[in-house]
Amino acid sequence: MPNNGMDDVVAAETVLSDVDGSAGRLILRGYSLDDLAGVARYEDMLSILLAGFFPDLPDEKRLPAALGATRRDVAALIRTDDAALPPIEAVRAMMARIPDGEDCETALKLIAAPAVFTAAVLRLRRGLAPLAPDESATHAADILRMIEGATPGPERVAALDAYLVTVSDHGLNASTFAARVVASTRAGLTSAVLAAISALKGPLHGGAPGPVLDALDSIGAPDRAEEWLESAVAQGERLMGFGHRVYRVRDPRADALKAALARLARSGGVDLSRVALAEAVERAALTLLKRKKPDRPLDTNVEFYTALLLEALNMPRDAFTCVFAMGRVGGWIAHAREQVLNGRLIRPKSRYIGPIPKEAA
Ligand code: SDX
């Protein structure tokens, strides 16, 4: 059976991120995740990720205002009828109206778009008009305000910034690889990002955080965790929020996001009984997976505490993938540009195992 998951295949050289699966370490353009999560705003992360890829990229002092102005511009692309789709599909449909290009202006539109469109979709489906972006606000603050209609507290803004920074880039995950493949044909940044969003929505990739909460809801109490998890695994189900193609130890982002949740909890913004249930479920799941799959290390991945953090930020669970896209879009664009500037058309080989026509035999 061919290695059709491309496990351990090195398909690109990149300056953007290093995912060390055995050490459980993530480096983003020379910075350790711990130096960034909970410290940098998302705009700062964008300056780091996009440095060198656009000659006219606004410097870190001007980038927040440039992104704010672009949020205002892309709001013109909101379509009410798209809002009837599932949130990630509605966001994808609206983003498809951003003309393709390789320039910084197109990049900023693609970065602004998931934030503006997700907020619009969540309000339209509640019968409310979308709120116009506030170009003077930071990206995370404006996201929360556009969704909720009120100015968010600094702790909640900091929690969303920590999330967006933590998920901004992560090597050649499926959605980023999809972005690089499309970018390598010179199709343009919009096409690359649309391909990435389509990959992200899969439950094995970016579609996992919502089902983490569904599992917590079904389990209901710490003393029911073991029985529920045992039954799920016995039926061949995957425990959402656990396992990873690269990490053979705990995903470092799990602790970065758990720390963000703890900081938010200090301001009273978190249901601590929910965290206690999640910790009990996590302990039971890790014990079970160790017993059931002894030769396959399966540890907590980024999605487990993502789910609790986004729930604490009052994000609807069917929009979690949209929030993931709000952060990862910076990485998708940086990788797409790296592929265009330094790479070639991506075209691997395959081995034909089908029938051979008689005359050719
Ligand atoms: C993300 O690549 C990235 O960087 C992705 C990401 C990013 O930032 O972009 O980190 C984001 O996608 C995180 C992962 C989110 N998905 C989930 O939490 C869904 C649950 N996890 C699994 O589906 C799974 O762990 C994957 C998809 C994440 C990785 O699976 P692999 O590497 O393809 O491993 P596999 O399917 O070959 O499984 C190996 C074994 C199997 O057992 P056997 O059939 O050989 O007996 O481990 C088992 C699997 O059944 N297994 C699990 C499991 N994950 C793997 N069993 C129970 N629960 C799980 N979560």
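Everything discussed here concerns the structure shown above.
Quick caveat, the model's predicted, so the values are computed rather than measured.

Cut-offs and rules
- Residues numbered from 1 in each chain as written.
- Predicted model: local features only at pLDDT ≥ 70, side-chain atom pairs only at ≥ 80, totals over all residues.
- Heavy atoms only, no water.
- Near = heavy atom within 4 Å.
- Polar contact = N/O pair within 3.5 Å; in protein donor to acceptor, adjacent residues only side chain to side chain.
- Areas by Shrake-Rupley, 256 points an atom, 1.4 Å probe, with all protein chains shown as cover.
- Nonpolar A, V, L, I, M, F, W, Y, C, P; charged D, E, K, R; others polar.
- Phe/Tyr/Trp six-rings, centres within 6.5 Å; stacked < 30°, edge-to-face > 60°.
- Helix = DSSP H or I, 4+ residues; strand = E, 2+ residues; numbered from the N terminus.
- Buried < 20%, exposed > 50% of the residue type's maximum accessible area, 1.4 Å probe, protein only.
- Salt bridge = Lys/Arg side-chain N within 4 Å of Asp/Glu carboxyl O.
- Pairing = 2+ DSSP bridges.
- Patch = residues over 30% accessible without salt bridge, like charges linked within 9 Å, V, L, I, M, F, W, Y side chains within 5 Å.
- Lys, Arg positive; Asp, Glu negative; His and termini not counted.
- Charge placed at Lys NZ, Arg CZ, Asp CG, Glu CD.
- Expected span 1.5 Å × (residues − 1).
- Bend = angle between axes of the 7 residues up to and from the residue.

A.B. asks: Could you clarify how one ought to interpret the site of the ligand in this entry?
C.D. replies: Around the ligand, 23 residues are found, and the nearest of them are His170, Arg238, His244, Arg245 and Arg253. Within the side chain of Lys293, a nitrogen or oxygen atom sits 3.1 Å from an oxygen atom of the ligand. In the environment of the ligand, an oxygen atom lies 2.9 Å from a nitrogen or oxygen atom belonging to the side chain of Asn301. Protein contacts shield 77% of the accessible area of the ligand, which totals 1,100 Å² for the unbound molecule. Taken together, the residues that form the shell around the ligand break down as eight nonpolar, seven polar and eight charged.

A.B. asks: Even after reading the chapter, I still don't get the packing of aromatic side chains, so can you show me in this structure?
C.D. replies: Here a ring pair, both rings aromatic, is described through the centre-centre distance and the interplanar angle of the planes. Enumeration according to the criterion identifies two aromatic pairs in this entry. Geometrically, the ring pair formed by Phe242 and Phe304 is tilted, given 5.1 Å between the ring centres and 50° between the ring planes. Residue Phe242 is located in the loop between helix 11 (225–234) and helix 12 (252–265), and its partner Phe304 is located in helix 14 (residues 302–312); the two are separated by 62 residues in the primary sequence. According to the relative accessible area criterion, Phe242 is buried, its value standing at 12%. Between Phe304 and Tyr305, the ring centres sit 5.1 Å apart and the planes meet at 80°, which makes this aromatic pair edge-to-face. On the basis of relative accessibility, which here comes to 2%, the residue Phe304 falls in the buried class.

A.B. asks: Can you walk me through the pattern of salt bridges in this structure?
C.D. replies: Tallying each qualifying case throughout the model produces 27 salt bridges. Asp59 is paired through a salt bridge with Arg62; the nearest N and O atoms lie 3.8 Å apart. A relative accessible area of 37% places Asp59 in the partly exposed class. The salt bridge partner of Lys109 is Glu105, with a shortest N-O separation of 3.5 Å. One end of the pair is Lys109 and the other is Glu105, both in helix 5 (residues 104–124) and four residues apart, which spans about a single turn. A residue is classified by how much of its surface remains accessible, and Glu105, at 51% relative accessible area, is exposed. Counted as one network, the salt bridges with shared partners bring together Asp214, Asp217, Arg274, Glu311 and Arg317.

A.B. asks: For this particular structure, what's the right way to read the pairing of strand 2 (residues 25–28)?
C.D. replies: Residues in a regular strand point their side chains to alternate faces of the sheet. Burial along strand 2 is one-sided: Leu26 and Leu28 are buried, while Arg25 and Ile27, pointing the other way, are not. In terms of strand pairing, strand 1 (residues 17–20) meets strand 2 through four bridges, oriented antiparallel. Note that in strand 2 the partner of Val19 across the bridge is Leu26. With antiparallel pairing between neighbouring strands as the criterion, strand 1 and strand 2 make up a hairpin whose turn holds four residues, including Gly24 at a positive phi of roughly 65°. With two bridges joining them, strand 2 and strand 3 (residues 31–32) adopt antiparallel strand pairing. Across the sheet, residue Leu28 finds its bridge partner in strand 3, namely Tyr31.

A.B. asks: I would appreciate a short explanation of a positive patch on the surface in the present structure.
C.D. replies: Together, Arg238, Arg248, Lys293 and Arg296 make up a region of like positive charge exposed at the surface. Its place among the elements puts Arg248 in the loop between helix 11 and helix 12. Judged by relative accessible area, Arg248 falls into the partly exposed class, the value being 30%.

A.B. asks: I'm lost on helix 5 in this one. Help?
C.D. replies: What sets the pattern is the α-helix's 3.6 residues per turn: residues three or four places apart point alike. The end-to-end C-alpha separation of helix 5 is 30 Å, in line with the 30 Å expected for 21 residues at 1.5 Å each. The sharpest bend along helix 5 reaches about 35° and sits at Ala113, with the proline Pro114 one to four residues further on.

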